[in-house]
Number of protein chains: 2
Amino acid sequence: MDGPSRHRDQRSEGRSLRKARAGVMNNSTVEPGSHKPAAVKGMRIQKARTQGFCFGVELTYKKALSETAERADVYTMGNIVHNPLIVKELDDKGLRNVDSLADIPEGTLFVRAHGLPPQTIQEAEEKGLRVVDATCPMVTRTQRLAKKLSEEGRSVVILGDPNHPEVKGIAGHAPGAIVMNEWPEDETEIRRARRIAIVSQSTLNGDKFRELVGRIAAMNYEVRVYNTICSDTQGRQKSARELAREVDVMVVIGGAKSANTRHLAELSEAEGAKAHLVENPDELKREWFNGDESVGIATGASTPGFLADDVIDKLLNWFPEAEAVWA
Amino acid sequence: MDGPSRHRDQRSEGRSLRKARAGVMNNSTVEPGSHKPAAVKGMRIQKARTQGFCFGVELTYKKALSETAERADVYTMGNIVHNPLIVKELDDKGLRNVDSLADIPEGTLFVRAHGLPPQTIQEAEEKGLRVVDATCPMVTRTQRLAKKLSEEGRSVVILGDPNHPEVKGIAGHAPGAIVMNEWPEDETEIRRARRIAIVSQSTLNGDKFRELVGRIAAMNYEVRVYNTICSDTQGRQKSARELAREVDVMVVIGGAKSANTRHLAELSEAEGAKAHLVENPDELKREWFNGDESVGIATGASTPGFLADDVIDKLLNWFPEAEAVWA
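The following refers to the structure shown.

### Some words on the pattern of salt bridges
Residue and element names in this part refer to chain A. One pass over the structure, following the stated rule, counts 36 salt bridges over all chains. Close ionic contact of Lys148 with Glu152 constitutes a salt bridge, the shortest N to O distance being 3.3 Å. A salt bridge links Arg236 to Asp232, with the nearest nitrogen and oxygen atoms 2.7 Å apart. With a gap of four residues between them, Arg236 and Asp232 both fall in helix 9 (residues 231-246), about one helical turn apart. For Arg236, a relative accessible area of 3% translates into the label buried. Since its relative accessible area comes to 18%, Asp232 is described here as buried. Taken together, the shared-partner salt bridges connect Asp207, Arg210, Arg241, Arg245 and Glu271 into one network.

Put into structure tokens, the structure is as follows:
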């Protein structure tokens, strides 16, 4: 099987493990005339606990593989996930990326992980397109919740980036929703809102969630809060945060457009580590490292697991004395 | 009429105004040979916008005056408000302060502004006591809300000081409620809670409300938040905060046990002013001032309005060149 997959991942990990163990051996050799092992020196490398595709990306990716294996006329509006490697692989398999429904003459509309506004899906169906829904199940749940809250007459507030496709899709389910990515300079709209119910983009930064929820709740008598940051994002942020607290430098791997990847870098900096965001090992720069620091590796939800190992391989190549620690 | 009252307040304010205007005249005299007024120098004094008794304290105070005017056997469990001057005045009028129901042989139980747990009121009635409820209407509303939420099977979280009588009274209406005054070291209880509904002590610090609500909401899928900080507290905190941003020193006047007064001092310090908490003008210390700073005056919800003017009088006495600004 070509491209990113569990098998490739395991092979790669095996390779890195061997190198890493050799590294450990180098550093723990007993010095002549001494019974103590030498003090640890040189680079230490550690991966964050949560790695590889999240549940939703895995599902979407598999569905896209099976759809493109069966048909030639499968279209997606925008990249199926925010990772260029995956996008390239599926592009090679014939998944066609278009800007709008008008660009799809006939065939299948593949709804990517981020979801779509219901209006777009309805339009596609009216046009006679076959619709395959590969929206992440967590996002579907938030879309349904936003719809229900809106139908109950609540003012839905979506915490997230108004330009992110997931947020646009959720907003399509709750007409008139307020989208908030940071505290607004003009508070009129949020002050006037009544019966507020808050939901969030699945990949929102947890610190931002806490801040915005606290401020909205302080302004209103009654607010309902639904923490729809997905459990994968929460776990990934937690493990990146814990690791960033321990290390000097964090390498965060993922697509430049990937919201959840960017947040991992932000959280890492907030914990005091220097963070570098790369899409793949080729973007690593040797001058970021002096060979004597501790390095943490975190990956976004749509980053194939083998990329972390490829980054470690590259570091071990530059710094042969480095020690990769497998938690 | 003796003691704190609107009339006393107005008389006192008139007195201060005259002095203050004299102060302004001193500072704005035109220097010989110049057409420009002298630059402002010397102390500037300004009162926060919200002053005097809050709505709830005013009601309780008046009810206590009328009860003690009619009867000799009126008892309160604990001071009726957290201000020693008011307590002294009502003590002189015959309001008897006891620790427990066992100390009341017969007569009237006067339920003070902070309220009481329903169990205590029931016990008093069973004992044959006459019960006069002078609970602040805002607190009564929160008690009823906590009861309803608890009966709906929600985990009620009360943000506030577990030792404050208001919080004890609210907790009595929601058996099993979690009381949280700061983020717990042991998160087990709050992590295990399901269907959380948050209410707060009426005088909670707004910053604390935002922080705790944000953290609780981040930990749970669905949380209902009721901001039961009363509107007087919110307005008082806002006006103290705005003033503290402008001045060097804040004098915050109120009872040492008064939660809302303490929070005004905390917020003032958070805004960068040096804050001094006093119960009355006698506690002012001349060495706190150099005579050339800007001074803000804020008062707690149970602080009689004339005390702010007495503090200003004392400052004008120490620093005759001072200018009192009436916003």
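### With respect to the interface of chain B and chain A
Accessible area lost upon the coming together of the parts serves often as the stated size of an interface. Taken together, the 20 residues of chain B in the interface contact 20 residues of chain A. Taken together, the two surfaces of chain B and chain A that pack against each other cover about 1,700 Å², and 55% of this comes from carbon and sulfur. Where chain B meets chain A, there are zero salt bridges. Taken together, chain B and chain A are joined by eight residue pairs in polar contact (both at pLDDT 80 or more). Among the elements that take part in the side of chain B that touches chain A, helix 8 (residues 206-219) of chain B stands out by supplying eight residues, more than any other. Residues of the side of chain B that touches chain A, tallied by class, amount to 10 nonpolar, five polar and five charged.

### Details of the packing of aromatic side chains
For any pair of aromatic rings, the description consists of the separation of the ring centres together with the inter-plane angle of the planes. One pass over the structure, following the stated rule, counts 12 aromatic pairs over all chains. Seen from their ring centres, Tyr226 of chain A and Tyr221 of chain B are 6.0 Å apart, and the 70° between their planes marks the pair as edge-to-face. On the criterion of chain membership, the pair formed by Tyr226 of chain A in strand 9 (residues 222-226) and Tyr221 of chain B in the loop between helix 8 and strand 9 (222-226) is interchain, its members lying in two chains. Classification of Tyr226 of chain A by relative accessible area gives buried; the value is 4%. For Tyr221 of chain B, a relative accessible area of 30% puts it in the partly exposed group. Here Trp318 of chain B and Phe319 of chain B contribute two aromatic rings whose centre-to-centre distance is 6.5 Å and whose plane-to-plane angle is 80°, an arrangement assigned as edge-to-face. Given a relative accessible area of 11%, Phe319 of chain B falls into the buried group.

### Quick word on the sheet that holds strand 11 (residues 274-278) of chain B
Residues and elements named next belong to chain B. Strand order in this open sheet of five strands is 11-10-12-1-13, and the pairing throughout is parallel. Only two strands of the sheet have a single neighbouring strand rather than two, namely strand 11 and strand 13 (323-325). Strand-to-strand twist in this sheet, taken as the mean axis angle between neighbours without regard to direction, amounts to 25°. Across three bridges, the pairing between strand 1 (residues 44-47) and strand 13 is parallel. Across the sheet, residue Arg44 finds its bridge partner in strand 13, namely Glu323. The strands touched by helix 9 (residues 231-246) within the sheet are strand 1, strand 10 (249-253) and strand 12 (294-299), with strand 12 carrying the most contacts at an inclination of about 170°.

### A word on the sheet that holds strand 6 (residues 155-159) of chain B
Think of a sheet as strands paired side by side through backbone hydrogen bonds, with each pair either parallel or antiparallel. Pairing within the open sheet is mixed, and its eight strands lie in the order 7(A)-6(A)-8(A)-9(A)-9(B)-8(B)-6(B)-7(B). Every interior strand has two partners, whereas the edge strands, strand 7 (178-180) of chain A together with strand 7 (178-180) of chain B, have only one. Sheet twist, expressed as the average angle between the axes of neighbouring strands with direction ignored, equals 20°. Here helix 5 (residues 137-151) of chain B sits on the sheet in contact with strand 6, strand 8 (196-200) and strand 9 of chain B, set at roughly 170° to strand 8 of chain B.

### Quick look at the relation of the copies chain B and chain A
Superposing chain B onto chain A requires a rotation of 180° together with a translation of 0.0 Å along the rotation axis, leaving an RMSD of 0.0 Å. Here the transformation between the copies is reduced to the relation of a two-fold axis. By residue overlap, the copies meet face to face through one surface: 100% of the interface positions of chain B are interface positions in chain A.

Calculation notes
- Along each chain, numbering runs from 1 in the same order as the chain's sequence is written.
- All chains are assigned letters beginning with A, and all ligands numbers beginning with 1, in the order in which they are written.
- Owing to the predicted nature of the model, reporting of local features is limited to residues with pLDDT of at least 70; listing and counting of side-chain atom pairs is limited to 80 or more, with chain, interface and lining totals taken over all residues.
- For the side-chain quantities, the full set of heavy atoms in the structure was used; hydrogens and water were omitted.
- Each salt bridge in this description consists of a side-chain nitrogen of Lys or Arg and a carboxyl oxygen of Asp or Glu lying within 4 Å of one another.
- Segments assigned H or I by DSSP are reported as helices when at least four residues long, segments assigned E as strands when at least two residues long, and all are numbered from the N terminus.
- Summary of the burial criterion: residues with accessible area below 20% of their type's maximum are buried, those above 50% are exposed, and those between are partly exposed, where the area comes from a 1.4 Å probe applied to protein chains only.
- Throughout, a contact is declared for two residues whenever any of their heavy atoms are within 4.5 Å.
- A simple way to read buried area is as the amount of 1.4 Å-probe accessible surface that goes missing from two parts once joined, with both sides added.
- Pairs of N or O atoms within 3.5 Å make up the polar contacts considered here, provided that, within protein, one atom can donate a hydrogen while the other can accept it, and that residues adjacent in sequence are counted only when both atoms are side-chain atoms.
- Only Asp, Glu, Lys and Arg are considered charged in this grouping, and only Ala, Val, Leu, Ile, Met, Phe, Trp, Tyr, Cys and Pro are considered nonpolar; every other residue, Gly among them, is considered polar.
- For Phe, Tyr and Trp, where Trp contributes only its six-membered ring, two rings pair if their centres lie within 6.5 Å, and the inter-plane angle classes them as stacked under 30 degrees, edge-to-face over 60, or tilted in between.
- Criterion used throughout: strands pair if DSSP finds at least two bridges between them.
- All axes are obtained by fitting lines to C-alpha atoms, using only the stretch in contact for helices, and the reported angles, taken between N-to-C directions, cover 0 to 180 degrees.
- A least-squares fit on C-alpha atoms brings the copies together, and the residues used are those whose pLDDT is at least 70 in both copies.

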